[in-house]
Amino acid sequence: MFKNIIHKIHLFLGFSSGIIVFILAVTGCIYAFEREIQDAVQDYRYVTPENKEFLPPSVLKQNAQMELPDKAIHSVIYADKSRAAVIVFYHWDEVTETDYYYLAYMNPYSGEVIKVKDMDSDFFRFILDGHFYLWLPPDIGQPITAISTLVFAVMLITGIILWFPRNRAARKQRFTIQWKAKWRRKNFDLHSVFGFYSMLLALVFVITGLVFGFEWFAKSYYYTLSGGEELVMYYEPQSDTTANQVVKDIPLVDFIWRKTARENPDAATIEVHFPETNSSPIHVATNSDSKTYWQADNKYYDQYTLKEIEVTHQYGRYDETMSTADQLMRMNYDIHTGAAFGITGKIIAFLISLIIATLPFTGFLLWYGRKYKKHKTLVTEL
């Protein structure tokens, strides 16, 4: 009776969320190698290295602004000597709930704009919107994907209960696929065996996805990891608008950038955020690994006094003394995509996402096969 109830729960949840789980899995599967694919096919991401210094942020900003004079520049990203600098145009209007997102790839030595890219027409942005919002408005799509992820977590738990055989003889068969069996048996093995082997890593995707999906889950997750501490959500520190403006012989953003580059000669990337309002800080992020985000060292400077502003959320300074809970929260995105474990992690993320995408189909065929068999048996008896 217990397994019968679990089976009905599993079946009901599968019908209610199967298509959404399939979309989330397929889009996640495609997005796994987003960085590698774009680096391979988009030559405007590269420049010929030159034996001279990069141009400062203010100059790149001025040159890029001429391409999109009515758009606000959010930040500039410097990478290694063979990479183009990237100017990010981004703005979100809370009143109209509209945004724009452009990337301008520039030669950091000459300031030449190589390409301006509207990210609304970018393939991987399209895939990411599907993964986050199912291509619906964010306030509609995001709750649906979050709830479906939570439902999938229950399906994994009920699935492992259904997978567990009643006797030892049957237990051995649950670990292998009988490729020579008839299609109904083969389909059952594909669903149960693949589901079993992918369960633990699928739960990792679920947990890291729920951190993005629900604020209450993120706070509970952090509370558990930290042993009772409360999660401080991200906030932007404020500059002192009453302070006297520091005077330098170069723009203050350039001064902070030069200071950061000098103090971090081995940084793989340096991202400089321009103040968006008169109370915003100058935000600079350095990263020793250009392929992940969790090790970013974020500093916030008062735009008037240039004094560093401390923050209490985990997206501040990065060092080895950071707590395990804060590190795991920082790593959440990189764990979710597999990037935290290098190319091996991305391959695993790709394969697990691919397996998850098959489960709704094999599960449906499993239900249909049983229903069809019962119908065929009834017709034969009549």
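Residues numbered from 1 in each chain as written. Predicted model: local features only at pLDDT ≥ 70, side-chain atom pairs only at ≥ 80, totals over all residues. Heavy atoms only, no water.

**Let's talk about the packing of helix 5 (residues 138-163) against helix 7 (residues 183-213)**
Each pair of packed helices can be described by the angle between their axes along with the distance between the axes.
Step number 1: Running from N to C, helix 5 and helix 7 point in directions that differ by 150°, and their axes come no closer than 9 Å. Considering their axes alone, helix 5 and helix 7 lie roughly antiparallel with respect to each other. Crossing of helix 5 against helix 7: the hand is left-handed. Across the interface between the two elements, Gln142, Ala146, Thr149, Leu150, Phe152, Ala153, Leu156, Ile160 and Trp163 of helix 5 pack against Ser192, Phe196, Met199, Ala202, Leu203, Val206, Leu210, Phe212 and Gly213 of helix 7.
Step number 2: Of the residues assigned to the contact of helix 5 with helix 7, the class counts are 14 nonpolar, four polar and no charged. (Axes fitted to C-alpha atoms, helices over the stretch in contact; angles between N-to-C directions. Helix = DSSP H or I, 4+ residues; strand = E, 2+ residues; numbered from the N terminus. Parallel < 35°, antiparallel > 145°, perpendicular 65-115°, else oblique. Left-handed = near helix turned anticlockwise from the far one by under 90°. Contact = heavy atoms within 4.5 Å. Nonpolar A, V, L, I, M, F, W, Y, C, P; charged D, E, K, R; others polar.)

**Section: the layout of surface pockets**
Step number 1: Approximately 1200 Å³ is the volume found for the second largest pocket.
Step number 2: Around the second largest pocket sit 40 residues that line it, and His10, Leu162, His191, Gly363 and Leu366 are the ones nearest its centre.
Step number 3: It is helix 1 (residues 2-31) that provides the largest number of residues to the lining of the second largest pocket, a total of ten residues.
Step number 4: Looking at the lining of the second largest pocket residue by residue, the class counts come to 24 nonpolar, ten polar and six charged. (1 Å grid on protein atoms, 1.4 Å probe; cavity = no way out; pocket = protein on both sides within 12 Å on 5 of 7 lines; lining within 4 Å. Points joined across faces, edges and corners; volume = space filled by probe spheres on them.)

**Brief notes about helix 2 (residues 34-41)**
Because each turn of an α-helix spans 3.6 residues, side chains separated by three or four positions end up pointing in the same direction.
Step number 1: Among all positions of helix 2, only Glu34, Gln38 and Asp39 are buried. Relative to the axis of helix 2, the buried residues are bounded by an arc of 125° and lie together on one face. Summarising the geometry of helix 2, the exposed residues directed more than 90 degrees from the buried face are Ala40 and Val41.
Step number 2: Of the surrounding elements, those touching the buried residues of helix 2 are helix 1, strand 4 (113-118) and helix 4 (123-133). (Buried < 20%, exposed > 50% of the residue type's maximum accessible area, 1.4 Å probe, protein only. Arc of directions from axis to C-beta.)

**With respect to helix 4**
Step number 1: Listing the buried residues of helix 4 in full gives Phe124, Arg125, Ile127, Leu128, Gly130 and His131.
Step number 2: Two to three positions downstream of the cap, the backbone nitrogen of Phe124 sits 3.2 Å from a side-chain oxygen, assigning the N-cap of helix 4 to Asp122.
Step number 3: Positive phi appears at Leu134, one or two residues downstream of helix 4, with a value of about 60°. (Polar contact = N/O pair within 3.5 Å; in protein donor to acceptor, adjacent residues only side chain to side chain.)

**Structural notes on the packing of aromatic side chains**
Step number 1: Scanning the entire structure with this criterion turns up 23 aromatic pairs.
Step number 2: Aromatic pair Phe54 and Tyr78: ring centres 5.8 Å apart, planes at 15°, arrangement stacked. In this pair, Phe54 sits in the loop between helix 2 and helix 3 (57-65) while Tyr78 sits in strand 1 (residues 73-78), placing the two residues 24 residues apart along the sequence. Tyr78 carries the same exposure label as Phe54, and that label is buried. (Phe/Tyr/Trp six-rings, centres within 6.5 Å; stacked < 30°, edge-to-face > 60°.)

**With respect to the nonpolar core**
Step number 1: Grouped together as the largest cluster of nonpolar side chains are 34 residues, with contacts concentrated most on Leu60, Val76, Ile87, Phe89, Val272 and Ile282.
Step number 2: Mapped by element, the contributors of at least two residues to this core are helix 3, strand 1, strand 2 (85-93), strand 3 (98-106), helix 9 (252-263), strand 5 (269-273) and strand 6 (282-287).
Step number 3: Per-element accounting of this core gives the leading share, six residues, to strand 3.
Step number 4: By size, the runner-up hydrophobic cluster in this structure holds 24 residues, among which are Ala153, Leu156, Met329 and Ala357. (Core = buried A, V, L, I, M, F, W, Y, C linked by side-chain atoms within 4.5 Å.)

**Re the packing of helix 7 against helix 8 (residues 215-226)**
Step number 1: It is the contact of helix 7 with helix 8, at a shortest axis distance of 6 Å, that shows an interaxial angle of 120°. The angle between helix 7 and helix 8 falls in the class oblique. Counted together, Ile207, Leu210, Val211 and Gly213 of helix 7 and Glu215, Phe217, Ala218 and Tyr221 of helix 8 form the full contact between these two elements.
Step number 2: Of the residues in the contact of helix 7 with helix 8, the class split is six nonpolar, one polar and one charged.

**Examining the side chain of Asn298**
Step number 1: Of note, Asn298 is situated in strand 7 (residues 297-301).
Step number 2: A polar side-chain atom of Asn298 sits 2.9 Å from a polar atom in the side chain of His283.
Step number 3: Not counting the four nearest positions on each side in its chain, Asn298 is found in contact with His283, Val284, Ala285, Tyr315, Gly316, Arg317 and Arg330.

**Structural notes on the pairing of strand 1**
Step number 1: Where strand 1 meets strand 2, four bridges bridge the pair, whose relative direction is antiparallel. Along strand 2, the bridge assignment pairs Ile73 with Phe89.
Step number 2: Connecting strand 1 to the next strand, strand 2, in antiparallel fashion are six residues.
Step number 3: Where strand 1 and strand 5 come together, four bridges link them in antiparallel fashion. (Pairing = 2+ DSSP bridges.)

**Section: the pattern of salt bridges**
Step number 1: Evaluation of the coordinates by the stated rule reveals 15 salt bridges.
Step number 2: The residue Glu308 makes a salt bridge to Arg317 at a minimum N-O spacing of 3.6 Å.
Step number 3: When its relative accessible area of 41% is taken as the criterion, Arg317 is described as partly exposed.
Step number 4: One connected set of salt bridges, linked through shared partners, spans Asp99, Asp120, Arg125 and Asp129. (Salt bridge = Lys/Arg side-chain N within 4 Å of Asp/Glu carboxyl O.)

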